[in-house]
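As a plain string of letters, each chain reads:
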Amino acid sequence: MTPYLIFVLKRFGQFLLVVFLGVTITFFVTHLTPIDPVEESIGAITQMGQSDPNAIELMRQSLRELYGMQGSIWEQYLHFWLRLATGDLGPSLSAFPTPVSTIILRSLPWTIGLMTVSTLITFVLGNAIGALAGYYRKDMVLKAVSLVFIAMLPIPYYILAFVLLIVFGFIWPVLPINGGYEMNANLDLSFALVLDILKHSILPALSLILVGAGSWLIGMRALVSNIITDDYVVFAELGGVPKGKILRSYIARNAMVPQFTGLAMSLGAIFNGTVITEIVFGYPGIGNLLIEAVHAGDYSLVLGLSALSIVGVAAAVFIIDVLSPLIDPRIKVE
Amino acid sequence: MFTIIRDLARQNMEFLCGLLLFAVIVGLVILSYFSPYGATDIYLLPPDMPPDGEYWLGTTSRGQDVFWQLTIGLRNTLYFGIGVAFLSRIISLVVGLVAGYAGGAVDRVLMAINDSVMVIPQFPLLILFYFVLKDNMTWVALIVIMASLGWSYDARLIRSVALGLKSRPFTTQSVYSGMTMRKILVEEHLPYVLPIVFATTMNNMIWSIGMEITLSVLGFTDIETPTMGMMIYWANAHSALISGIWWWVAAPVAVIVILFLALFLLSMSMNEYNDPRSRLNRMGN
């Protein structure tokens, strides 16, 4: 086996471990509690007037079967894995009998779209400004821009989003502050709809970018200011290589490599950010869905969303980890 | 310890600013013990009074004095952050030092768990805990949950330092003089990683307090205990901004920003102090 293949297998083992731990935590947290979703649903139904004890017992049986809650906790645990593997997450409680997977699939594209685009913009913007600020250390404009981004870093996400909401929603109302598209929009694929969706995504994306760019900027600036004292950069400067070329080909390329590895690490945090963004801006992704599910007490939907987010983040980290040795020859794969 | 603080305050503007801002926070927290009103008392004062001489920061729609409510909320928020930081520091120290020193299979197992915790999305998990615990979601429970999520990154950092310490002659010497592993880790290695622990404490507090505020604002914590997030939660619940009671929202937001700037500046300057290269850079200027 080549060293790279061994490396990929090892990382795959790590991926499986993360999924195993995450799903196990999710399962046991939800099962070792006083809340019984079956009794809760029965309670909800009996309140509506149904009171025949035989019918209720029958209902209890079928609900237990639906939620995969028969047998001992270990049987249920095994059963949960089997269902997860086949993508069957059971029916949703609040939108019975729509399967949880259907509901999640409806919201997932919104989250993935918002997340990918804003992560890429954040990554490029933060690193570009960081590289420039690290190379041209005396430039006042770059200093000011970096300061603004760094000052936004420590502010809790919710507070920053709130400020954006007040500024663009009330003081200078130019952008839509809620939802993913116009309420009465025609959902056929058209240019107007795309434009509308883009317009609705500006504020959520902007808030993610403002929060995220600062940490990339700090990292890149530190990396660049370490590299500029390296012999090969000093040599290139003495040899009269144009400054732009030094920055692009000599410094930025080497500094980018650890940043790519950092991209994997940040993915978990990005998911946290999207959940809050979606709540604040009422964006129709899975973050919003999660909150609605919590409020509606939709047990299977919450369980499904948590399991999905763990698998999704672990998979994204795995892919970036496996790709990083291809980008960076210095990462040892053995 | 004291000399380090004095040196830092003299040479490092960021540290001094952070320290001053933090002093404001500590001052407010101390004041909270002199609050004339109980932490959860409501409808004691005329509601919706704008800031003036009698009520310095106005009153809320729930008839509370914003200023005193603020000090009590800040106290709870700060203690929460310190609690999470303290607990998670212990976990990260144990895991980091043991993994770095023991190496081999112990290291691999610990780091596999460490990396798994690092990528698990925390926010959905915290919501899940709330969903399950509901009324049992006390502050102690939240502190324990947050602490068990927030140690992994720093454990890796500590491990990397411990790896370096392991190959130093003094460690070998300790082994030959018959010290146990526990003794070596506590007496020999711990002092070397403490400066890093202090810097990461600030970062951990920023993370945990930020998370607490977000959860509270959404109503996903114990809503009886006043904290910074809870203040905003109640203000939102009474649509304070729409009805023009801006001081109810502005006061906690301002204090939160001060708190986070203080912690951020302290952590940044301490990181710089820990890194000899940037420390030399600063002295050279």
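Counting of residues starts from 1 at the beginning of each chain's written sequence and follows it residue by residue. For naming, the first written chain is A and the first written ligand is 1, with later ones following in the order written. Thresholds applied to this predicted model are a pLDDT of at least 70 for local features of residues and 80 or more for the giving and counting of side-chain atom pairs; totals over whole chains, interfaces and linings are not thresholded and use all residues. Hydrogens and water are ignored here; the side-chain numbers use all heavy atoms of the structure.

Strands here mean DSSP runs of E at least two residues long; helices mean DSSP runs of H or I at least four residues long; both are numbered from the N terminus. Across its full length, chain A holds 12 helices and zero strands. Sequence-ordered secondary structure for chain A, helices as α and strands as β, is α-α-α-α-α-α-α-α-α-α-α-α. Across chain A, contacts joining residues at least 24 apart in sequence account for 73% of those joining residues at least 6 apart. For this analysis, residues touch if any pair of their heavy atoms sits within 4.5 Å.

Residue and element names in this part refer to chain B. Note on geometry: axes are lines fitted to C-alpha atoms, helical ones only across the stretch in contact, with angles between N-to-C directions running from 0 to 180 degrees. Interhelical geometry of helix H3 (residues 66-102) versus helix H4 (residues 104-119) gives an angle of 145 degrees and a closest axis separation of 7 Å. Of the two elements, H3 crosses H4, and the hand of that crossing is left-handed. Note on element contacts: H4 touches H3 through Gly104, Val106, Asp107, Leu110 and Met111, opposite Val95, Val98, Ala99 and Ala102. The handedness criterion is simple: a crossing whose near helix is rotated anticlockwise from the far helix by less than a right angle is left-handed, and one whose near helix is rotated clockwise is right-handed.

Here we come to the packing of helix H7 (residues 152-166) of chain B against helix H9 (residues 181-217) of chain B. The relative placement of two packed helices is expressed as an angle between their axes plus a distance between the axes. All names here are of chain B. Interhelical geometry of H7 versus H9 gives an angle of 165 degrees and a closest axis separation of 10 Å. Taken together, the axis directions place H7 and H9 in an arrangement best described as roughly antiparallel. When you trace H7 past H9, the crossing you get is right-handed. Of H9, the residues touching H7 (which contributes Asp154, Leu157, Ile158, Val161, Leu165 and Lys166) are His189, Tyr192, Val193, Ile196, Val197, Thr200 and Asn204. Oblique is the label for any angle not covered by the other classes, which are roughly parallel (under 35 degrees), roughly antiparallel (over 145) and roughly perpendicular (65 to 115).

With that out of the way, let us pick up a positive patch on the surface. In this analysis, a patch consists of residues with relative accessible area above 30% that form no salt bridge, clustered at 9 Å for like charges and at 5 Å for the nonpolar side chains Val, Leu, Ile, Met, Phe, Trp and Tyr. Note on areas: these come from Shrake-Rupley sampling with a 1.4 Å probe, and a residue is covered only by the protein chains present in the view. Take a side-chain nitrogen of Lys or Arg and a carboxyl oxygen of Asp or Glu: if they are within 4 Å of each other, that pair is a salt bridge. All tallies of charge rest on Lys and Arg as positive and Asp and Glu as negative; His and the ends of each chain are not included. A charged residue contributes its charge at one atom only: NZ of Lys, CZ of Arg, CG of Asp or CD of Glu. Together, A:Arg137, A:Lys138, A:Lys143 and A:Arg221 give the surface a local cluster of positive charge. The topology assignment puts A:Lys138 in the loop between helix H5 (100-135) and helix H6 (140-152).

Turning next to helix H4 (residues 73-85) of chain A. All names here are of chain A. Take the residue count of a helix, subtract one, and multiply by 1.5 Å to get its expected span. The terminal C-alpha atoms of H4, which comprises 13 residues, lie 18 Å apart, in line with the 18 Å expected from a rise of 1.5 Å per residue. Buried residues of H4: Gln76, Tyr77, Phe80 and Arg83, and no others. Seen along its axis, H4 keeps its buried residues to an arc of 130 degrees; they face one direction. For H4, the exposed residues lying more than 90 degrees away from the buried face are Trp74, Glu75, Leu78, Leu82 and Ala85. Directly after H4, the chain includes glycine 87, whose backbone phi takes a positive value near 80 degrees. The buried label applies to any residue whose accessible area, calculated with a 1.4 Å probe on protein chains only, is under 20% of its type's maximum; exposed applies above 50%, and partly exposed to all values in between. By definition, the arc is the one covered by directions from the helix axis to the C-beta atoms.

All names here are of chain B. Here a cavity is any set of points on a 1 Å grid over the protein atoms alone where a 1.4 Å probe fits but cannot get out, and a pocket is any open set with protein on both sides within 12 Å along at least 5 of 7 lines; a residue lines the site when it has an atom within 4 Å of a point. Grid points are joined across faces, edges and corners, and a volume is the space filled by probe spheres set on the points. The full count for this structure, using the stated rule, is three cavities of 30 Å³ or more. Quantified by volume, the second largest cavity comes out at close to 60 Å³. Every residue lining the second largest cavity is listed: Ser35, Tyr37, Gly38, Asp41, Leu44, Gly63, Gln64, Asp65, Trp68, Gln69 and Ile72. Counted by class, the lining of the second largest cavity contains four nonpolar, five polar and two charged residues. Think of it as three bins: nonpolar holds Ala, Val, Leu, Ile, Met, Phe, Trp, Tyr, Cys and Pro, charged holds Asp, Glu, Lys and Arg, and polar takes everything else, Gly as well.

A separate point is the pattern of salt bridges. Two side chains of opposite charge can pair, provided their charged atoms sit close to one another. Residue and element names in this part refer to chain B. Using the criterion set out here, one finds three salt bridges over all chains in the structure. Its salt-bridge partner being arginine 89, residue aspartate 154 comes within 2.7 Å of it at the nearest N-O pair. Of this pair, aspartate 154 sits in helix H7 while arginine 89 sits in helix H3, and the two are 65 residues apart along the sequence. The class for aspartate 154 is buried, based on a relative accessible area of 9%. The class for arginine 89 is buried, based on a relative accessible area of 6%. Between aspartate 107 and arginine 159 there is a salt bridge, with its nearest N and O atoms 2.8 Å apart. In this pair, aspartate 107 is assigned in helix H4 and arginine 159 in helix H7, connecting sequence segments 52 residues apart. Considered together, aspartate 107 and arginine 159 belong to a single accessibility category, that of buried residues.

Turning to the packing of aromatic side chains, a few remarks are in order. Here the distance between the centres and the angle between the planes together describe a pair of aromatic rings. Residue and element names in this part refer to chain A. Aromatic pairs are defined between Phe, Tyr and Trp rings, using the six-membered ring for Trp, whenever the two ring centres lie within 6.5 Å; interplanar angles under 30 degrees are classed as stacked, those over 60 as edge-to-face, and all others as tilted. All chains considered together, the criterion is met by 21 aromatic pairs over all chains. Look at phenylalanine 27 and tyrosine 77: their rings are 5.2 Å apart centre to centre, the planes differ by 55 degrees, and that puts the pair in the tilted class. With phenylalanine 27 in helix H1 (residues 3-31) and tyrosine 77 in helix H4, this residue pair connects regions lying 50 residues apart in the sequence. As far as burial versus exposure is concerned, phenylalanine 27 and tyrosine 77 are alike and both buried. Note on tryptophan 74 and tyrosine 77: the rings are 6.3 Å apart at their centroids and 85 degrees apart in plane angle, and the pair reads as edge-to-face.

What follows covers the UniProt feature "domain: ABC transmembrane type-1" (unreviewed entry) in chain B. UniProt positions are given in the numbering used here, feature names are shortened, and annotations may be inferred rather than shown by experiment. Within this numbering scheme, the UniProt entry marks residues 74-267 of chain B as carrying the feature "domain: ABC transmembrane type-1" (unreviewed entry). Structurally, residues 74-267 of chain B is divided into 82% helix and 0% strand, and its ends, taken at the C-alpha atoms, are 20 Å apart.

On to the UniProt feature "transmembrane region" (unreviewed entry) in chain B, then. Residue and element names in this part refer to chain B. As recorded in UniProt, the feature "transmembrane region" (unreviewed entry) lies at residues 12-34, 78-102, 109-133, 139-158, 189-210 and 245-266. Between the C-alpha atoms that bound residues 78-102 there is a distance of 35 Å. The span itself is 100% helix and 0% strand. Structurally, residues 139-158 comprises 90% helix and 0% strand, and the distance from its first C-alpha atom to its last is 28 Å.

Residue and element names in this part refer to chain A. On the UniProt side, "transmembrane region" (unreviewed entry) is annotated at positions that read residues 12-32, 110-136, 157-177, 197-218, 260-281 and 301-323 here. End-to-end, the C-alpha atoms of residues 157-177 are 16 Å apart, and along that stretch the chain is 71% helix and 0% strand. Between the C-alpha atoms that bound residues 197-218 there is a distance of 32 Å. The span itself is 100% helix and 0% strand.

Within the fold, B:Thr201 resides in helix H9. Excluding residues that lie within four positions of it along the chain, B:Thr201 makes contacts with B:Ala85 and B:Arg89.

Residues and elements named next belong to chain B. Given a rise of 1.5 Å per residue, 15 residues ought to cover 21 Å, and the 21 Å separating the end C-alpha atoms of H7 matches this to within 8%. When H7 is considered as a whole, its buried residues turn out to be Ser152, Asp154, Ala155, Ile158, Arg159, Ala162 and Leu165. Down the axis, H7 shows its buried residues gathered within 140 degrees of arc, on one side only. Those residues of H7 that are buried lie in contact with H3, H4, helix H6 (139-149), helix H8 (169-176) and H9.

Right, let's get into the interface of chain A and chain B. With 43 residues of chain A at the contact, the number on the chain B side is 37 residues. At the junction of chain A and chain B, the tally comes to zero salt bridges. N or O atoms closer than or at 3.5 Å make up a polar contact, with two conditions inside protein: a donor-capable atom paired with an acceptor-capable one, and, for residues adjacent in sequence, both atoms drawn from side chains. In this structure, the connection of chain A to chain B is made through two residue pairs in polar contact (both at pLDDT 80 or more). Mapped by element, the contributors of at least two residues to the side of chain A that touches chain B are H1, helix H7 (157-171), helix H8 (191-227), helix H10 (243-281), helix H11 (286-296) and helix H12 (299-327) of chain A. No other element matches the nine residues that H1(A) contributes to the side of chain A that touches chain B. Here the residues of the side of chain A that touches chain B sort into 29 nonpolar, 13 polar and one charged.

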